[in-house]
Amino acid sequence: MKLSAHDLAVRVANRTILQTIDLTLEPGEFVGLIGPNGAGKSTLLRALAGALPYRGELTLDGRPLAGYSARERARRIGYLGQDRHVAWPLTVADVIGLGRIPYRAPLSRESDADRQAVARALRMTHLEDLASRQSDRLSGGEVARMLLARLIAQETPILLADEPIAGLDPAHQLATMQIFADMARAGHTVLASLHDLTLAGRWCDRLILLERGRIVVQGSPRAVLTPERIAETYDVEARFDSDADGLIVVPLRLIGQHRREVR
Amino acid sequence: MRRLPFPALVALLAILTAVLFASSLLVGPSDIGLGDAFAALFGNEGVTTMVMREIRLPRAILGVCVGATLGLSGAVLQGWLRNPLADAGVLGIGSSAALGAVIAIVSGLAYASPLALPVSALAGAGLAAILVFALAGQGEGGNSLILAGVAVASLTSALTALTLNLSANPFATLEIVFWSMGSLGDRSLDHVYLALPFMAVGWLLLASVGRSLDAMTLGAETASSLGVRLAWVRAVILFATAAAVGGATAVTGVVGFVGLVVPHVLRPLVGSRPSRLMVASALGGATLLTMADLAVRLVLPSRDLKLGVVTAIVGAPFFFRLILHERRRSMR
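Residues numbered from 1 in each chain as written. Chains lettered and ligands numbered in written order. Predicted model: local features only at pLDDT ≥ 70, side-chain atom pairs only at ≥ 80, totals over all residues.

Topic: the overall build of chain B
To keep it simple, the criterion reads: Runs of E in the DSSP output that reach at least two residues are strands. Runs of H or I that reach at least four are helices, and both are numbered from the N terminus. Each radius of gyration reported is based on C-alpha atoms, and the globular scaling rule is 2.2 Å times the count of residues to the power 0.38. To sort residues by burial, count the other C-beta atoms lying within 10 Å of each one's C-beta; a count of 20 or more means buried, 12 or fewer means exposed, and anything in between means partly exposed. C-beta atoms are built from the backbone. By the convention adopted here, residues are in contact when the distance between their C-beta atoms, placed from the backbone, does not exceed 7 Å.
Scanning chain B from terminus to terminus reveals 15 helices and zero strands. Relative to a compact globule of 332 residues, whose C-alpha radius of gyration would be 20 Å, chain B shows 20 Å and is just as compact. Taken over 332 residues, chain B has a buried fraction of 50%. For chain B, the share of sequence-separated contacts (at least 6 apart) that also reach a separation of at least 24 residues comes to 78%.

Regarding the overall build of chain A
Check the secondary structure of chain A and you find ten helices and twelve strands. Dimensions of chain A, computed from C-alpha atoms along their principal axes, come out at roughly 60 × 40 × 35 Å. Within the span of chain A, comprising 263 residues, buried residues form 42% of the whole. For chain A, the share of sequence-separated contacts (at least 6 apart) that also reach a separation of at least 24 residues comes to 65%.

Topic: the nonpolar core
Nonpolar side chains in soluble globular proteins tend to end up buried together. For clarity, the threshold we go by: We define a nonpolar core as a collection of buried residues of the types Ala, Val, Leu, Ile, Met, Phe, Trp, Tyr and Cys that are connected via C-beta atoms lying within 7 Å of each other. The split into domains, and so the bounds of each, comes from an automatic or database assignment of domains.
Residues Ile96(A), Leu160(A) and Val76(B) are the most contacted members of the largest nonpolar core, which totals 175 residues. It is helix H3 (residues 47-81) of chain B that provides the largest number of residues to this core, a total of 15 residues. Here this core gathers at least three residues from each of two domains, domain 1 (1-76 + 156-223) and domain 2 (86-154) of chain A. Residues within four places of Val76(B) in sequence aside, it is in contact with Leu206(B), Val209(B), Leu213(B), Ile237(B), Thr241(B) and Met278(B).

A few points about the sheet that holds strand E5 (residues 63-64) of chain A
Residues and elements named next belong to chain A. As a reminder, the rule being used: What makes two strands pair is DSSP finding at least two bridges between them.
If you walk across this open sheet you meet the four strands as E2-E1-E4-E5, and the pairing is antiparallel. Every other strand in the sheet has two partners, leaving strand E2 (15-25) and E5 as the edge strands with one partner each. In this sheet, strand E4 (residues 55-60) lies alongside strand E1 (residues 3-12) in antiparallel orientation, the contact comprising five bridges. Bridge pairing in E4 places Ser4 opposite Thr59.

Observations concerning the domain arrangement of chain A
Residue and element names in this part refer to chain A. Quick note on the threshold: Note that Gly is not counted as nonpolar here; it falls among the polar residues with everything else outside the nonpolar set of Ala, Val, Leu, Ile, Met, Phe, Trp, Tyr, Cys and Pro and the charged set of Asp, Glu, Lys and Arg.
Domain assignment breaks chain A into domain 1 (1-76 + 156-223) and domain 2 (86-154). Domain 1 puts 13 residues into the contact, and the matching count from domain 2 is ten residues. Breaking the side of domain 1 that touches domain 2 down by element, the ones donating at least two residues are helix H2 (70-74), strand E7 (158-162) and helix H6 (170-185). Counting residues per element, the side of domain 1 that touches domain 2 draws most heavily on H6, at three residues. Residues that form the side of domain 1 that touches domain 2 fall into these classes: six nonpolar, four polar and three charged.

As for the interface of chain A and chain B
At the junction of the two partners, chain A supplies 23 residues and chain B supplies 20 residues. Per-element tally for the side of chain A that touches chain B: the top contributor is H2(A), with four residues. Of the residues in the side of chain A that touches chain B, the class split is 14 nonpolar, four polar and five charged.

Details of the sheet that holds E7(A)
All names here are of chain A. Where we set the bar: In this analysis, axes come from line fits to C-alpha atoms, helices being fitted only over the stretch in contact, and the angle between any two N-to-C directions falls in the range 0 to 180 degrees.
Ordered in space as E6-E7-E8-E3-E9-E10, the six strands form an open sheet in which the pairing is mixed. Each having just a single partner strand, strand E6 (77-80) and strand E10 (214-219) make up the two edges of the open sheet. Direction aside, the axes of adjacent strands within the sheet are offset by 15 degrees on average. As paired strands, E6 and E7 are joined by four bridges and run parallel to one another. Pairing of Gly78 across the sheet is with Leu159, part of E7. With respect to the sheet, helix H5 (residues 140-153) is in contact with E6 and E7, its orientation differing from that of E6 by roughly 175 degrees. Sheet strands touched by H6: strand E3 (30-34), E7 and strand E8 (189-193). Its angle to E8, the strand with the most contacts, is close to 150 degrees.

With respect to the pairing of strand E11 (residues 236-243) of chain A
Looking along a regular strand, one sees side chains alternate from face to face of the sheet. All names here are of chain A. Summarising the sheet, E11 and strand E12 (residues 246-254) pair through eight bridges and their orientation is antiparallel. Its bridge partner lying in E12, Arg239 is registered against Val250. Taken together, E11 and the strand that follows it, E12, pair antiparallel across an intervening segment of two residues.

Here we look at the confidence of the model for chain B
Residue and element names in this part refer to chain B. This is how the line gets drawn: For every residue, the predictor states its confidence as a pLDDT score lying anywhere from 0 to 100.
Considering every residue of chain B, the mean pLDDT works out to 89; 97% of them sit at 70 or more. At the low end of the mean pLDDT range in chain B sits helix H15 (residues 307-331), at 81; at the high end sits helix H10 (residues 210-216), at 96. At the level of chain-chain contacts, confidence expressed as ipTM amounts to 0.93, with global pTM at 0.92.

A closer look at helix H12 (residues 230-252) of chain B
Residues and elements named next belong to chain B. What counts, and what does not: Multiplying 1.5 Å by the residue count of a helix minus one yields the expected span of that helix.
With 23 residues, H12 should reach 33 Å at 1.5 Å per residue; the first-to-last C-alpha distance of 32 Å fits that figure. Of all 23 residues that make up H12, 18 are buried, and the element is covered over most of its length. Positive phi shows up at Gly253, right after H12, with a value of about 80 degrees.

Digging into the environment of Ala128(B)
All names here are of chain B. By the element assignment, Ala128 lies in helix H6 (residues 116-136). A sequence separation of 86 residues divides Ala128 from Asp214, and the C-alpha atoms of the two residues are 27 Å apart. Contacts of Ala128, omitting those with residues within four sequence positions, involve Gly92, Ile93, Ser96, Val152, Thr156 and Ala242.

Overview of the environment of Leu184(B)
Residue and element names in this part refer to chain B. The topology assignment puts Leu184 in the loop between helix H8 (170-179) and helix H9 (189-207). When the 27 C-beta atoms within 10 Å are taken as the criterion, Leu184 is described as buried. When the C-alpha atoms of Leu184 and Ala243 are compared, they prove to be 19 Å apart, with 59 residues separating the residues in sequence. Sequence-distant contacts of Leu184, defined by excluding residues within four places in its chain, comprise Arg59, Leu62, Gly63, Thr252, Asp293 and Leu307.

Remarks on unusual backbone geometry
All names here are of chain A. Here Asn14, not a glycine, exhibits a phi torsion of approximately 65 degrees, which is positive. Among the structural elements, Asn14 can be located in the loop between E1 and E2. A positive phi is found at Arg212, a non-glycine position, where the angle reads about 45 degrees. Tracing the chain through its elements places Arg212 in the loop between strand E9 (206-211) and E10. A residue is classified by how many C-beta atoms lie within 10 Å of it, and Arg212, with 15 of them, is partly exposed.

So, H6(A)
All names here are of chain A. Worth spelling out the cut-off: To obtain the arc, one takes the directions from the helix axis to the C-beta atoms.
Across its 16 residues, H6 extends 22 Å between first and last C-alpha, which sits within 8% of the 22 Å expected from 1.5 Å per residue. Of all the residues in H6, the buried ones are Thr176, Met177, Ile179, Phe180 and Ala184. Buried residues of H6, seen end-on, are gathered within an arc of 150 degrees and therefore sit on one face of the element. Of the exposed residues in H6, those oriented more than 90 degrees away from the buried face are Pro170, Ala171, Gln178 and Arg185. Lining the buried residues of H6 we find E3, helix H4 (112-124), H5, E8 and helix H7 (197-203). Taken from the residues just after H6, Gly187 is the one with a positive phi, measuring 110 degrees.

In structure tokens:
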């Protein structure tokens, strides 16, 4: 499935959050969405998920996204938000099973396909042992993995994830990136917003840099992540290094506008 | 501790409801034996048949249906608003129905026809739902709905107070006070015929939102990405609740606590799944209300104890216990 935006603009509460957005997400790609806080990353992900009114063109396999029914859309595009609050203490397996809602007829029991999808998601996130644990008895990192498993169980060709590795320890950050990379290899399309530039550069096939509601640049990690551009958009000076697997970007100190504000 | 499987829980609650429904048919001021009672209900035994069909049957039917309505709507609203303290009261449906009833009593309409009061209460509930819908706008957050509901509830309560304040008729005031305590006494089959269609429509509509409530466990954004049409579901919940609870309140008056306590008690028994809680809460509400109505008749038969008073007196301490239990649990 190909998701593309052309001259996309999104206004929320009479404020323009995104404008002149042009992008195409192809099957098999793991794309990183980077940019400072407030750049519009979350809004872009929500708009691509079909949750916001927009102007311009937004098409899924050439058909306008707005032309798909809510259910058809939910079988094609999965969305993992930043909100990790689970209202009721469902078991881990039940929460993951919520990802199967787009496939279930009213009042039907869960099918073999539903059960297999949940089992696969449990396995991929290494949550098998916690399957029957109540979700209010989990650590923050376990909740994040459970919600990732919920997204995986939805089995959509396109996955949109808003800061999926925020609040995770280094091992689980790497494990999450590995899962997305593997899913991309298997033909899914993944777009994830990220703040860790090193992980973004090493794991993503392509990066999209967003600033003040516009795409500044998109392309291969080495083309997007340059010292000048990081200084310009993030107001930080970063140490750049590289090895066989890609770039290493370590922000070191504030510069410019930001620095004066902090003082 | 292993949890009771869901079908077993539902079966248990259904049996309990059936037993209590039958008991409700057997309790009353006239002394009718078990065999006679059921013979009279299905045959023609003169006065006994009249007592059974005209007095006890409506009362038992309303007990089960109104209880189911309150339990179901409480479960739905708690699920939709992701808030364990919600019930139909937060939408202002009950207080608007009360205003309609009060207007019928004060204007004297209620004395002209026995159905004038419930019809007026239903109209109040319907107007409240339209007002809440218009006020809440298209925002998808639960907060706009609660705010609109609370605003409408405040307005209608104020208008009710004003009506009481200005009413010259002390009997009307007394009548209003008693009505607001809720009761299933002296209701006829006409009341059943009036309220049941509204309740049934409400139940059917609410039955369609179960999966959406499950999705709401993860918040509105995620629910929307799972294919839930938020604005549509919200409108269905609002108007279905208004129909069901409006119908129930119109014939029984205000009965509190059932919609709040029943879902809360049953939630752990269904693994907290909102869609399963709807089924369990409907049956649990029917059970609790029928039990309370039996208590009304058995504890102080001569004093006309009001149903809403009993549910509040039973419900409030139960709530205390629950809060203490939650506190202990969260401290562990």
